[in-house]
Amino acid sequence: KDTTWRMETPIGHTGDVKNREYSTITDEYGCLAIELHHKLPNEAVWIREQKLQDFSSVSKDEILEKIRMTEKEQARHGRADLLERGWLITGRKDEEESTRFTVLQFNILAEGLSFGPKAKPPFKTDTPPSNFNGGFGANCYGGFDAVKHPEICFDFQFRKYRLLQAILEANADIIGLQEIDRFHGFFFPVLQKFGYEGIFAPKTNSAAIQLGYYSDGCALFFRPDVFTLKGQRNYYYTAGNQVCIIARLEHNITKQHITVAVTHLKAKQSETMEEIRRKQVDELINELLNTTPEKNPLEPRIVLGDFNSDPVNESIKKMRGFLRSAYHLDDDKIVTTWKTRGTKSVRRIIDYIFHSSSLEVKGILSIPVEEIEEEKLPSLRYPSDHILLSAQFELPPKESY
């Protein structure tokens, strides 16, 4: 047993996992990992994470050079510069810059849900991708069989640096990620080099585990020179195996508190799945209200998430009744995921930046709809099937709420 790793009590979870100890295990490459695997009266809990990898001998310049070399290598197979983005200014420019901050929302597409036929999973598995959950298709790669050069696009040794490139270029103060299964093994130690601290909440019984990979989940990163973490918890929804991180941050200059949540709701399009998402939204709103003193609806709040639901659905209508969207969801040019599997191409808005009315949106990062290529996402020019969203906010005077 490795008693230094303990799962935080997940408030609202249907099983008692308090003080359950992780076991230390070894993956197929001889690297240490940790695992929580046991049965509760009403469910089984299975979580598998990498141990923290040591990047202390690697410099920021070396990481940036690796990003440049990765793009150069991918450019041998086609155009590989990231889709061009720009900031759309929505607010006045006369406020103090010191009270502004930027957030980022990004589902990065888990390695364990997009690997190729020649990839070697970290752990042995009896569930090949072609037999899992309806099948990813004979060529694996998450079923994205329209993608050109998939052996290059989905090779995680390349793709993790393209994901990092997109994140760093956004230059956000707060980052929310979903489908992250290499938190300890890559993103956390590397983003620390660039001035971030992070929190990770793995899903229980992640589909990636069944395919021989680590649990994916949600992550929240923030810049400690801008915000101080005052408290956080990982919330496990009572319906489904999805998770949410809820954190209280204090702005270092104004000393104002802001509640930030990062979440990923139930996937798949059906009335049954939408009903689960509606229940999850109810729980999320309730937890956000309980996090702030006196349940003040105007206190600054931000929710970063992949909700797997379109703006017309009830779950999103509920969220929009509680918080505002930083992006104009009725804009025809807004799309957050656009992918092709087989002969079916799907264009949807399912990723959101929600915020309280006390926060004024000063700008949003544009959506590169016109630059998305025929095979859609992912591609050599974009490392995920979801588009990174980013918004800049202005903190209100504290007396205004």
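Refer to the structure presented above.
Trainee: Would you mind going over the packing of helix α1 (residues 60–74) against helix α3 (residues 156–170) with me for this structure?
Mentor: Any two packed helices are characterised by the angle at which their axes cross and by the distance between the axes. Where α1 meets α3, the axes come as close as 9 Å, and the angle between the chain directions of the two elements is 115°. In the crossing of α1 with α3, the sense of the turn from one axis to the other is left-handed. On the side of α1, the interface is formed by I63, L64, K66, I67, T70, E71, E73 and Q74, while α3 contributes F158, Y161, R162, L164, Q165 and L168. A per-class count over the contact of α1 with α3 returns 7 nonpolar, 3 polar and 4 charged.

Trainee: Teacher, can you tell me more about the sheet that holds strand β13 (residues 324–325) here?
Mentor: Each strand in a sheet pairs with another by means of backbone hydrogen bonds, the pair being arranged parallel or else antiparallel. Sheet architecture is open: 6 strands sit in the order β9-β10-β11-β12-β16-β13, paired in mixed fashion. If you trace the sheet from one side to the other, it starts and ends with β9 (227–236) and β13, each paired once. Here strand β10 (residues 243–251) runs beside strand β11 (residues 257–264); their pairing, made up of 7 bridges, is antiparallel. If you follow I246 over to β11, its bridge partner there is A261. The sheet contacts of helix α6 (residues 271–291) involve β9, β10, β11 and β12 (301–306), and relative to β11 the element is tilted by about 160°. Contacts from helix α7 (residues 314–322) reach β12 and β16 (351–355), with the element oriented near 25° to β16.

Trainee: Help me understand the sheet that holds strand β7 (residues 197–202) in this model?
Mentor: On the basis of which strands lie adjacent, the open sheet formed by 7 strands has the order β4-β17-β18-β5-β6-β8-β7 and mixed pairing. A strand with exactly one partner marks an edge of an open sheet, and here the two such strands are β4 (87–89) and β7. With direction set aside, neighbouring strand axes in the sheet form an average angle of 20°. Summarising the sheet, strand β6 (residues 174–180) and strand β8 (residues 217–222) pair through 5 bridges and their orientation is antiparallel. In the strand pairing of β8, G176 is matched with L220. In the packing of α3 onto the sheet, the strands contacted are β5 (100–107) and β6, and the crossing angle to β5 comes to about 160°. Along the sheet, helix α4 (residues 183–193) contacts β6, β7 and β8; its crossing angle with β7, the most-contacted strand, is approximately 160°.

Trainee: I would appreciate a short explanation of the packing of aromatic side chains in the present structure.
Mentor: Two aromatic rings, taken as a pair, are described by how far apart their centres are and by the angle between their planes. Taken as a whole, this structure holds 17 aromatic pairs when the rule is applied. Plain terms: the ring middles of F123 and Y214 are 5.2 Å apart, the flat faces sit at 80° to each other, and that makes the pair edge-to-face. With a gap of 91 residues between them, F123 in the loop between β5 and α2 (150–153) and Y214 in the loop between α5 (207–210) and β8 connect regions that are remote in the sequence. No difference in accessibility class separates F123 from Y214, as the two residues are buried. A centroid spacing of 5.1 Å and a plane angle of 15° characterise the contact between Y352 and F354, whose relative ring orientation is stacked. What makes F354 buried here is its relative accessible area of 0%. Ring pairing ties together the aromatic residues F55, Y161, F186 and F187, which thus form one cluster. For the cation-ring pair, R48 lies above F123, with the distance from its terminal atom to the ring centre recorded as 4.0 Å. Above the face of the W338 ring, R347 is positioned so that its terminal group lies 4.9 Å from the ring centre.

Trainee: Explain unusual backbone geometry to me, please; I cannot follow it from the model alone.
Mentor: Negative phi values dominate among residues other than glycine, just as trans dominates among peptide bonds. Looking along the chain, the bond that leaves L377 and enters P378 is cis, with omega of -5°. Positive phi is not limited to glycine here, since K255 has a value of about 65°. Within the secondary structure layout, K255 lies in the loop between β10 and β11.

Trainee: Explanation requested: the side chain of T291 in the structure shown.
Mentor: If you trace the backbone, T291 turns up in helix α6. Note on T291: relative accessible area 16%, which makes it buried. At 2.7 Å, the side chain of T291 forms a polar contact with the backbone oxygen of E287. Excluding anything up to four places from it in sequence, T291 contacts R233, I246, R248 and T259.

Thresholds applied
- Residues numbered from 1 in each chain as written.
- Predicted model: local features only at pLDDT ≥ 70, side-chain atom pairs only at ≥ 80, totals over all residues.
- Heavy atoms only, no water.
- Axes fitted to C-alpha atoms, helices over the stretch in contact; angles between N-to-C directions.
- Helix = DSSP H or I, 4+ residues; strand = E, 2+ residues; numbered from the N terminus.
- Left-handed = near helix turned anticlockwise from the far one by under 90°.
- Contact = heavy atoms within 4.5 Å.
- Nonpolar A, V, L, I, M, F, W, Y, C, P; charged D, E, K, R; others polar.
- Pairing = 2+ DSSP bridges.
- Phe/Tyr/Trp six-rings, centres within 6.5 Å; stacked < 30°, edge-to-face > 60°.
- Buried < 20%, exposed > 50% of the residue type's maximum accessible area, 1.4 Å probe, protein only.
- Lys NZ or Arg CZ within 6 Å of the ring centre and 35° of its normal.
- Polar contact = N/O pair within 3.5 Å; in protein donor to acceptor, adjacent residues only side chain to side chain.

In short, geometric facts, not functional conclusions.
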